[in-house]
Structures are given as C-alpha cells and as structure tokens.
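Read off the chains here:
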Amino acid sequence: MSELQDVVVDVTTVDEQDGADVEKGAPDSGGLARGRKVVFGVVAGAALMAVGGLLATTLVKSPAQVAAETGPPAQSVLTAEVERRVLAQKVVMRGTVVADQSVDVAPQPRSAEGAGTPVVTKLPLKAGDPVAAGQLLAEVSGRPVFALRGALPVYRDLKPGATGDDVAQLQQALRELGHGTGGDAKGVFGAGTKAALAALYKAIGYDPLPAVADGAEVLKAARESVRSAEWALEDAQASANASTAASAGADGGGSGGGGGATPPGPSASQGPKGATGTTGAAGSSGGGKGAGGAGDSGRTLTRARQALADARAKLAAAEAADGPVLPASETVFLGAFPARVSAVGGRIGGPVSGSVLTLSAGELVVEAYLKDDKKQLLRAGMSVVVSSEVAGTDARGKVAAVAGERSTGQQPGGGRSNGQQGGTQGDASQGKGGSGGAGAGGADLGYRMVVRADQPLPAAFAGQDVRLTIESAATDGEALVVPVTAVSASPDGQTLVTAVSTDGTQRRIPVRTGTSGDGYVAVTPVKNGDLAAGTRVVIGIAPREPAKGRGESPKPGRASAGGGS
C-alpha cells in the first residue's frame, strides 16, 4: 500500500509540473502530455495489481494453511480443587407415603334365618373424612359398623363371660368413651362390661345383639327351675319335720302299751307266756315304723337341697351368659385417632363384596422396597431426607425398619392393608406389611423399608410418591475430598492423585482412599503434608473441540484447501 501511495504522489507531482510547463507555454506540450498519460496508466495498473494481490493473499490459502487452521488444538488437562469437608455416601430412591396402619373394612355379618345377601344400607362417610373413636362407619343390613381404639385386630365375637387380652382392649376402649366397666376384672367380660357395651350401642343409636339367641327363654326357664326347687325343698323340709314328730310320738306310744299289758305286781311275770310275748312284739313293731319314716324324709330333704343348688348354678350361668355381644363384623380397632377415610369401595344398596371402606390411622410414614444391592447398604437408624416434588418441601427422618424377608404382592396402594376384616394384619413400624390377600405367587417387591419422619408429615403428603435420600455412610469429621476421577493406580499397585502446580508442573502423590459418595472420595496422603485443601489435581483430559469449518461446504468466492476459485 505504501508503494501505491508513492506512485500516486509521483503522478501528482508530474501533473503539477506539466501544468506549470503548459502555463509557461513550452513548445512540445502535446507530446509531453501524451507521455504523462501513458505513465499514469502504467502506474494506475500497477496500483490495481498490488491491491488485487493483497486481497488474494487474504482469500486464497495454501493446503498447508488450511490444514493448520482446521487441525485439532493442543490437548490440555482438566483439574479440580481438593476440598476439606464431611463426605457422605448417599442412596437415592423412591418411596410412597402411607399411613402407619391401613385397614380394609369388609364386614360379614352373621347370617340370620331367612336373611339374604348382606347389603350396605348406610354409608355416612366419604374419602378424606376424619374418623373418631366410637363413630359410625357404615351400616350393613341394618347393623352398625364402628371404630374403637386398639392395637389387636378383632378375630372373634366378644360375649359375656369371655376372657383375654382382646376383652381388656375392649374394656379400655369403652372407658375412653366414658362408659365405665364397673368392678369387672381386667380381661373379664362381666356385668360391668355388659352395661358399658349396651351404653355404647345406645349412644350410636342401635340395640346390641343378644349373646344368646333365645337367652330370655333360657333365663326364664332357669328362674322357674330355681323356684320349683325351692318349693320342693320346702315340701321336703315339711315332710321331714312331720316324720320326725311322728317318730317321736310313735316311740312314746310303744312304751305305754307294753306297761299296760303287764299287770302290776310280782305275779305279772308269771302271766301267760303268749300274752306277754305278744304285747312286747306289738310295742317293738310300733317303734320300727317310726324310724323308717324318718330315714326316707332325710333322703328326700338332701336331694331337694341338691336340686336347688343345681338350679341356682344354672340360673347364675344363664345370667352370666345373657347380655349384649360385640360381633367381630361390627367393630374395627385402630391404633390411633383421628383416623382418615382413604377410599370408599361400597355403595348404598350394593352387596358387601370386598372392602366397603379403607381407613388410614396413625402417623404418615414412607414405604419403599429394596433390591439386594441396596438392602446390603441400608439399615435402621440411618438419616433420610424425604423430598416432595408436589409440595416443594423436604422433611428429615430416619429408617425405622428394614424387613429381613422379601415381600410379594401388589405395590403400595393395594398391599399395605392391615386387614382386620378379611386381610392380614400389618405393622409399618416393624417393617412388616400385610399382603392384602396376595398369594405367594404375587410379584417380588423386594425388602420392605419404612422411613419415619422426625416431625409428623403433613396430611397432604398422604399417597404421594416422594424421593428418599439416605445417608448410608459418612466420614468421621472433615476430610480431604477429591473427585473419584482424580484417583488412579500405578503399575506397582499404589493409589495416586496427580497434583498440578501453578506453572503446570505435575507430580504424583500416593494416597489412601476412604468413604465415597456423590462422585467424590475421601483421600489421605501417605506422607503427611503432601496434599492440602486448595491443591488442584488432574481429573481428566480436555476433549478435542471440533475443527472450525470441518464438514462445511466452501462458501462462494472462497477457495478450499487444494483448490482455487
């Protein structure tokens, strides 16, 4: 470009000089003018050629230049800083929020003579409604179904005279509702428990069923037997008294007859032998009859007394057996209140086929199923973070239990029923789940794990699928931590990390590894002081970037490598 400027300056100078010559009136001004034009044309052409050459050097590239520009850049290493912190190994999985206890209410009332298929005649609750102890849940064929507090599932009808832990549970539930059981001993269904149960039925608006179908007739007959036995005893006593009196009179008459037959005086002994003997025999005979009557009356009296005792014992038994019964089909025991209606499966007028209601009670827990690899890592007591994506909140808790045996059946929602009325009992806090009626051929779910939150989970969490982050291991305090990709092994078996100094110098440092998690591993240098927090270590090689322009078609007017335009 400088040469072109010089040429232009020279041409301008010549023009100025020519103009001066013309003004002076030089004699050969025409020839000089033509010469100057030729020179100007040559200079202008040279200038254009110079500009074209300059442009060509920027657009046209040699194959060597193209290869240099499109070749891969020099590779560099990727580094990361050594950190000092607590490192925890975490297991992340999914779980379902369920109630600590879930019960399917599937009542099967006792079939009375002439009764048809049980049908739902009243259903006052809907899904989501709270349930209190003593509250009516449903009515089946005119009979109530209500809830009581208790941990034991109902498995039999509770009748007067029954004993056991389930009777003690019933007594406690009745007392909590304000119905005292009187002086009944714990676990004994006596008169006080009968009165309390009758009061409960009256409170919910129903009459209790009698423990004995014809109990009134049995009781009436027993009382009549006692009355008859009492009358018989009175008659036997009167007869015995009369026999005793007659026997005493007969004994006095026999003595007087004998004395009259024998005349007084010494000659009395010498009277006719036959007369004397006959008189004595008559006296003896009278005394024998009196003794025999007294013996019969005594036996009759003893038997009458025994008959009365037996009649009174039968009356006591009838009175003990008489009273209200708590049928297994009319009650559901729940571990805690208030409970909730999880689902309604029945309808008014519909037959009872399966679950009419599903109740959830107790605090909410998280249920998950583990495969073999995770079962080996997790155990009760480990810290857990429960994350609800729906609510956008987290809750902390702990693993409450990990089952020792595999579970089969359906996934949560159909397989966690405690089933007091047709299913199997389950206890979430112990990691034992009911199969919900699933047979041994059900799907293999794995090992059931239960997570309990430190603070009660909100009711809105019920049924949600949540994320569980379980801390399965952690370093004992702060430790030096590097990405797992920073650790390598030397040919001699040493574990190494490669440190990079500020000037790019690399050196290998032998280390011992510890806890790992989240892509990091705790390391301890074999030689103290060889590695510190903040040191940069190699974690890999930077990938080559795609060559610029590689694979693109040459743009118009631009030459590609090895060719021209």
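The structure reproduced in this document is the subject of the present report. Predicted model, so just to flag it, every value in this text is computed and none were measured. (Residues numbered from 1 in each chain as written. Predicted model: local features only at pLDDT ≥ 70, side-chain atom pairs only at ≥ 80, totals over all residues. Heavy atoms only, no water.)

Section: the overall build of the chain
Rules: Helix and strand definitions here come from DSSP, where helices need a minimum of 4 consecutive H or I residues and strands a minimum of 2 consecutive E residues; each element is numbered from the N-terminal end. Exposed residues in this analysis have more than 50% of their type's maximum accessible area, buried residues have under 20%, and partly exposed residues fall in between, with area computed by a 1.4 Å probe over protein chains only. By definition, residues are in contact when any of their heavy atoms lie within 4.5 Å. Residue burial considers only the protein chains on display, and all accessible areas are found by Shrake-Rupley using a 1.4 Å probe.
For the chain, the helix and strand inventory stands at eight helices and 22 strands. Buried residues in the chain amount to 33% of all 565 residues. Of all intrachain contacts in the chain linking residues separated by at least 6 positions in sequence, the fraction that spans at least 24 positions is 72%. Accessible area for the chain stands at about 31,400 Å²; split by element, carbon and sulfur atoms hold 55% of it.

Focus: the environment of G335
With respect to the helices and strands, the residue G335 is situated in the loop between β10 (331-334) and β11 (339-344). Contacts of G335, omitting those with residues within four sequence positions, involve Q101, R149 and G150.

So, the pairing of strand β13 (residues 383-388)
Applicable threshold: Two strands make a pair as long as DSSP finds a minimum of two bridges between them.
A large share of β13 lies buried, amounting to five of its six residues. Bridge count between β13 and strand β16 (residues 465-474): four bridges; the pairing is antiparallel. Within β16, the residue paired with V386 across the bridge is L468.

Here's the deal with the pattern of salt bridges
We apply this condition: The term salt bridge refers to a side-chain nitrogen of Lys or Arg lying within 4 Å of a carboxyl oxygen of Asp or Glu.
In total, this model carries 15 salt bridges according to the counting rule given. Put simply, E81 and R536 hold a salt bridge, and the shortest N to O gap is 4.0 Å. Of the two residues, E81 is situated in strand β1 (residues 77-81) and R536 in strand β22 (residues 536-541); the sequence distance between them amounts to 455 residues. The exposure class of R536 is partly exposed, given its relative accessible area of 37%. Ionic pairing is found between D100 and R452, a salt bridge with its closest N-O pair at 3.8 Å. In this pair, D100 is assigned in strand β3 (residues 88-105) and R452 in strand β15 (residues 443-453), connecting sequence segments 352 residues apart.

Structural notes on the environment of S225
In this fold, S225 is placed in helix α6 (residues 215-261). Spatially, the C-alpha atom of S225 lies 8.8 Å from that of K314, the residues being 89 residues apart in sequence.

What to know about the packing of aromatic side chains
Here is the rule: Only centres within 6.5 Å qualify two rings of Phe, Tyr or Trp (six-membered ring in Trp) as a pair; their planes then separate them into stacked at under 30 degrees, edge-to-face at over 60, and tilted for everything else. In our convention, an over-ring charge means Lys NZ or Arg CZ found within 6 Å of a ring centre and within 35 degrees of that ring's normal.
All chains considered together, the criterion is met by one aromatic pair. Seen in terms of ring centroids, F146 and Y201 are 5.5 Å apart; in terms of plane orientation they differ by 90°. Their pairing is edge-to-face. Of this pair, F146 sits in strand β7 (residues 143-149) while Y201 is found in helix α5 (residues 191-204), placing the two residues 55 residues apart along the sequence. Over the face of the ring belonging to Y520 we find R85, whose NZ or CZ atom lies 4.8 Å from the ring centre. Above the plane of the ring of Y447 lies K375, whose end atom (NZ or CZ) is 5.0 Å from the centre.

Examining the sheet that holds strand β4 (residues 120-122)
Filter applied, for reference: Axes, fitted as lines to C-alpha atoms, cover a helix only where it is in contact. Angles between the N-to-C directions of the axes lie from 0 to 180 degrees.
The strand order β4-β6-β7-β10 describes an open sheet built from four strands, whose pairing is mixed. Each of the sheet's edge strands pairs with one partner strand only, and the pair in question is β4 and β10. Looking at each pair of strands side by side, their axes are set apart by 30° on average, direction ignored. Alignment of β7 against β10, held across four bridges, turns out to be parallel. Within the sheet, the bridge partner assigned to F146 lies in β10 and is T331.

Purely spatial values, then, with no claim about function.
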